[in-house]
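# Observations on the model geometry
Here is what each chain is made of, one letter per residue.
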Amino acid sequence: MVNLREVAIRLREVINIVDLVSEYVALKKVGRNYVGLCPFHTESKPSFTVSEEKQIFRCFGCGAGGDAIGFYMRISGLSFPEAVRELAQRYHLPLPRGDSGEGKKYDRLYRVNEKALRFFRHLLKSAPEAEIAREHLREREISESTAENFALGYAPAEGSALAAHLRLSGVDLALAEEAGLILPREDGSYYDRFRGRLIFPLRDQQGRVVAFAGRILGPGEPKYLNSPETPVYHKSRYLYGLYEARSPIRERGFGLVVEGYFDLLSLWEKGIRNVVATCGTALTREHARLLKRLLRTWYLVFDGDEAGRRAAYRALGIFFQEGIFPRVVFLPQGEDPDSLVRRFGPEAMEELLPKARSPESFLVDYVRQAFPPDPEGKSAAVAEVRKILSGVPDPVIRYEYARRVAEGLDVPERFLLESPPQPTPPTSTPAAEDPFGKLILQALLHHPSLAAELKALRVEDLLRDPSQQSLYLRLLEALEEGCPPERFSPEDPELQSLYSELFFSPFPEDSAEKILLEIKESVLRRRFRERERERFLREIKEAESSGRKEDLARLLKAYADLCLERSIKRRGEGVYESFSS
Ligand SMILES: [Zn+2]
C-alpha cells in the first residue's frame, strides 16, 4: 500500500523537470541551467531558471519556485494531492488505492474540528454563560437562522472546557492540539485556545471545518483570534464565506469581497449573499485564484477610509496578476458594509454597485492622491501604475488598461508599458528572512545526517518565520521516514518556493561537524536572548501594574535596545556572521 507522499517521492525520481517545464516554457541552456520566460509573471527578459542537476525551478523575477510537482501545481492551479494524482497517471505510476495515510489524518482533523464545532454551537444555543454572545449577535441584528447557517458558536471563558469535553468524548488530545484547538501546559494537561469568544467556524469548499476564528466579547486582546496553520488550514488560501456563498455568487453572476466577518454576516442577513470576506488576512494570489475559479466579476467593497482605500489598491494589484479586474465600491465616509446595511438597508448597498469605479479610474485617482502634483510626483505615480500593469498576464488587456490609465494621468501610454526597472515584487514568496532558520534548513539539506542532532536541540521553537518552521518540521519528518532531501516535495506552493530558494542559495562546503558547532552556538545565543526577552517582558509588566513609571521607562528603553541590537545582528553580512543571531 503506497500513500500519496510515497508517490510524490517516486515522481521526483521519474520526472525530469526540464522535460516537464519544456511542455509549457521554451527553455534555453545557459551554463549549467536552463532559462526561459516565466509563465507566472510577465517579463521580457528571462529570469525563470531550471536546474536539471537539482531538479528544481526558480524565477528570480517573481520568486516562484519549487520542484516538478510544485511547477505542475502552479501551472495547472492544482492542490498537492491533485497534482500528484494527475502526474502519477501521466507517468504511469500506481496510485494509492482507497484512503491514503495522509487522507486518514486529514479526516481525523476534520472530525475533531467537527466535534469542537458541535460543542461551541450547543453552548451558544443553550448555555447561560453564552448570553453575552447571544446579546452581541442581537445587537448586531444577526438572526438565529444566519447564526445557524454559519454555525456560529461560543467558547466558554473557563480555561479548559473544550479540552475536557474532547477528552471525555474519546478524542486523542494530541490530535486536537494539532488541529489548533487546545494548547499543552507544562504539566502535560491542556487548555483551550479559544476562551470567552464568539466562534466562527471556517469551512473549506467541501463544507468541512478546517479552523476557527473567535471574537472577544468585552474588553481584551486580540479582538479576533484565529486557529494556527494546520495540515488542513492555510490562511493564504482561505476566504470566509466561500463555501456558503458559492451558489449565490454563481446565481447572481458576480461576487463582493468585503473585509470583516460581520460585514459578510450583516449583508447575508439583509439578503445580499454573494459575498466572501478576507477577515484580517492580506489578499494573496491564492485567494484571487480561488475566486477566479468561481467567476471573474468581482467588486471590492472595502471601508471608505484611507486604510480601506489602501487595502483595495493592494488587492487590485493582486487581482490584476490573476487576470481579474474588479470594480471598486466606495462606501460613504465612516461606513463599513455592516454599518451601511444596518442603517440604510440592503438597497443602500445595491445602489452603490452600479456606481462602482472601474479599476482604471480607481487606479488613476489613487495614485493622484498618493503622490504630490509636481513632476516628481507624477513620475512616481507613473512608476507605481506601471508596476501594477506589468503584472497583467494578457498583453492586449495590459495595453488596453495602460491606454485608459495613460489618458487619466495625461502621459503617453508607452510610459506605462515599458518594462519597469524592478520586476513585480513577489507576493507569495517567503524570503528566507531569518538567517538562523536558513542555516538550519540548509544544514538539513546538505547534511541530512544532522537530523537527529537538530531534533535533540529542539530548534523548531527558535524558528521565528512560520514558513521556515513548517518546512523544517516537514523535512525532518520526511528524513525520518527515509526520504532523502532531494526527493522531498513540500505540499504547499509557498514552501515549494522557499525550498527551491534554499537549494539555489550558496552554502559553505564545511564538514557537518563544523556546521553543527556553528548551529549549537547560535542556539545557545538565541535561547539566552529568548530568556532575556521573557525576563524583560515580565519586569515591564510588573513595573506597569505597580505604577513604577521610572522603572518602566528604563526597562522599555533597555528592551528596545535589545531588540534593535538583534535586528542589526540579523541583518549582518558574510556567510557566518549572518548565520548567527
Ligand atoms: Zn516569475
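Small disclaimer: the values here were computed from a predicted structure and weren't measured.

Rules used in this analysis
- Residues numbered from 1 in each chain as written.
- Predicted model: local features only at pLDDT ≥ 70, side-chain atom pairs only at ≥ 80, totals over all residues.
- Heavy atoms only, no water.
- Buried < 20%, exposed > 50% of the residue type's maximum accessible area, 1.4 Å probe, protein only.
- Helix = DSSP H or I, 4+ residues; strand = E, 2+ residues; numbered from the N terminus.
- Arc of directions from axis to C-beta.
- pLDDT = per-residue confidence, 0-100.
- Contact = heavy atoms within 4.5 Å.
- Polar contact = N/O pair within 3.5 Å; in protein donor to acceptor, adjacent residues only side chain to side chain.
- Salt bridge = Lys/Arg side-chain N within 4 Å of Asp/Glu carboxyl O.
- Pairing = 2+ DSSP bridges.
- 1 Å grid on protein atoms, 1.4 Å probe; cavity = no way out; pocket = protein on both sides within 12 Å on 5 of 7 lines; lining within 4 Å.
- Points joined across faces, edges and corners; volume = space filled by probe spheres on them.
- Nonpolar A, V, L, I, M, F, W, Y, C, P; charged D, E, K, R; others polar.
- Domains from an automatic or database assignment.
- Core = buried A, V, L, I, M, F, W, Y, C linked by side-chain atoms within 4.5 Å.

For helix H6 (residues 131–139), every residue scored as buried is listed here: Ala133, Arg134, His136 and Leu137. Seen from one end, H6 has its buried residues packed into an arc of 155°, which puts them on one side. Just downstream of H6, Glu141 is the residue with a positive phi angle, here 60°.

Taken over all residues, the pLDDT of the protein chain has a mean of 86, while the share at 70 or more is 92%. Every residue in residues 420–432 scores below 50 in pLDDT, and together they form 32 contacts with partners more than four places removed in sequence or on other chains. Ignoring residues within four places in sequence, the model shows residues 571–581, a span with pLDDT below 50, making 25 contacts including any to other chains.

Attention now moves to unusual backbone geometry. With an omega of -15°, the peptide bond between Glu221 and Pro222 qualifies as cis. Structurally, Pro222 can be placed in the loop between strand E10 (209–216) and strand E11 (224–226). Phi at Gln55 takes a positive value of approximately 60°, unusual for a residue other than glycine. Within the element layout of this structure, Gln55 appears in the loop between strand E3 (48–51) and strand E4 (56–59). Gln55 sits in the buried class, given a relative accessible area of 17%. A positive phi angle is found at Asp410, which is not glycine, with a value near 60°. With respect to the element layout, Asp410 can be found in the loop between helix H18 (395–409) and helix H19 (414–417). Under the relative-accessibility criterion, Asp410 is labelled exposed at 60%.

A word on the side chain of Asn113. Residue placement: Asn113 occurs in helix H5 (residues 101–126). By relative accessible area, Asn113 is classed as buried at 1%. A polar side-chain atom of Asn113 sits 3.0 Å from the main-chain carbonyl oxygen of Val209.

Here we come to the pattern of salt bridges. Throughout the structure, instances matching the rule amount to 36 salt bridges. In this structure, Asp172 and Arg108 form a salt bridge, with 3.8 Å as the shortest nitrogen-oxygen distance. Note that Asp172 is positioned in the loop between helix H8 (161–168) and helix H9 (173–178) and Arg108 in helix H5, a separation of 64 residues in sequence. On the basis of relative accessible area, Arg108 is assigned to the partly exposed category, the value being 36%. With a shortest N-O distance of 2.9 Å, Asp492 and Arg237 are connected by a salt bridge. Of this pair, Asp492 sits in the loop between helix H22 (466–480) and helix H23 (493–504) while Arg237 sits in the loop between E11 and helix H10 (242–252), and the two are 255 residues apart along the sequence. A relative accessible area of 12% places Asp492 in the buried class. According to the relative accessible area criterion, Arg237 is partly exposed, its value standing at 29%. Overlapping salt bridges, with partners in common, bring together Glu360, Glu400, Arg403, Arg404 and Glu407 in one network.

Right, let's get into the pairing of strand E14 (residues 298–302). Among the five residues that make up E14, five are buried, leaving the element largely enclosed by the rest of the structure. Note that strand E12 (residues 255–258) and E14 share three bridges and pair parallel. When the bridges of E14 are listed, Gly255 appears paired with Trp298.

As a further point, take the pairing of strand E9 (residues 197–203). The buried fraction of E9 amounts to seven of the seven residues, a majority that puts the element mostly inside the structure. Two elements, strand E6 (residues 153–155) and E9, share three bridges in a ladder whose sense is antiparallel. Bridged to Gly153 within E9 is Ile199. Here E9 pairs with E10 via seven bridges, running antiparallel. Bridging from a neighbouring strand, Pro201 pairs with Phe212 of E10.

All right, on to the layout of surface pockets then. Taken as a whole, the second largest pocket spans an internal volume of roughly 450 Å³. Contributing to the lining of the second largest pocket are 20 residues, with Pro39, Phe40, Arg285, Gln321 and Glu322 lying nearest its centre. Residue assignment for the lining of the second largest pocket shows that the elements contributing at least two residues are helix H3 (68–76) and helix H12 (285–294). Of the residues contributing to the lining of the second largest pocket, the split by class is six nonpolar, seven polar and seven charged. Per-domain counts for the lining of the second largest pocket show at least three residues from each of domain 1 (4–90) and domain 3 (242–357).

A word on the nonpolar core. One finds Leu152, Leu181, Phe200, Leu202, Phe212, Tyr240 and Leu265 to be the most contacted residues of the largest nonpolar core, which totals 72 residues. Ranked by the residues each element gives to this core, the list is headed by H5, at ten residues. Split by domain, the residues of this core number at least three in each of domain 2 (101–231) and domain 3 (242–357). Sequence-distant contacts of Leu152, that is, excluding residues within four places in its chain, are made with Arg121, Leu124, Leu137, Ala147, Ile199, Phe200, Pro201, Tyr240 and Leu265.

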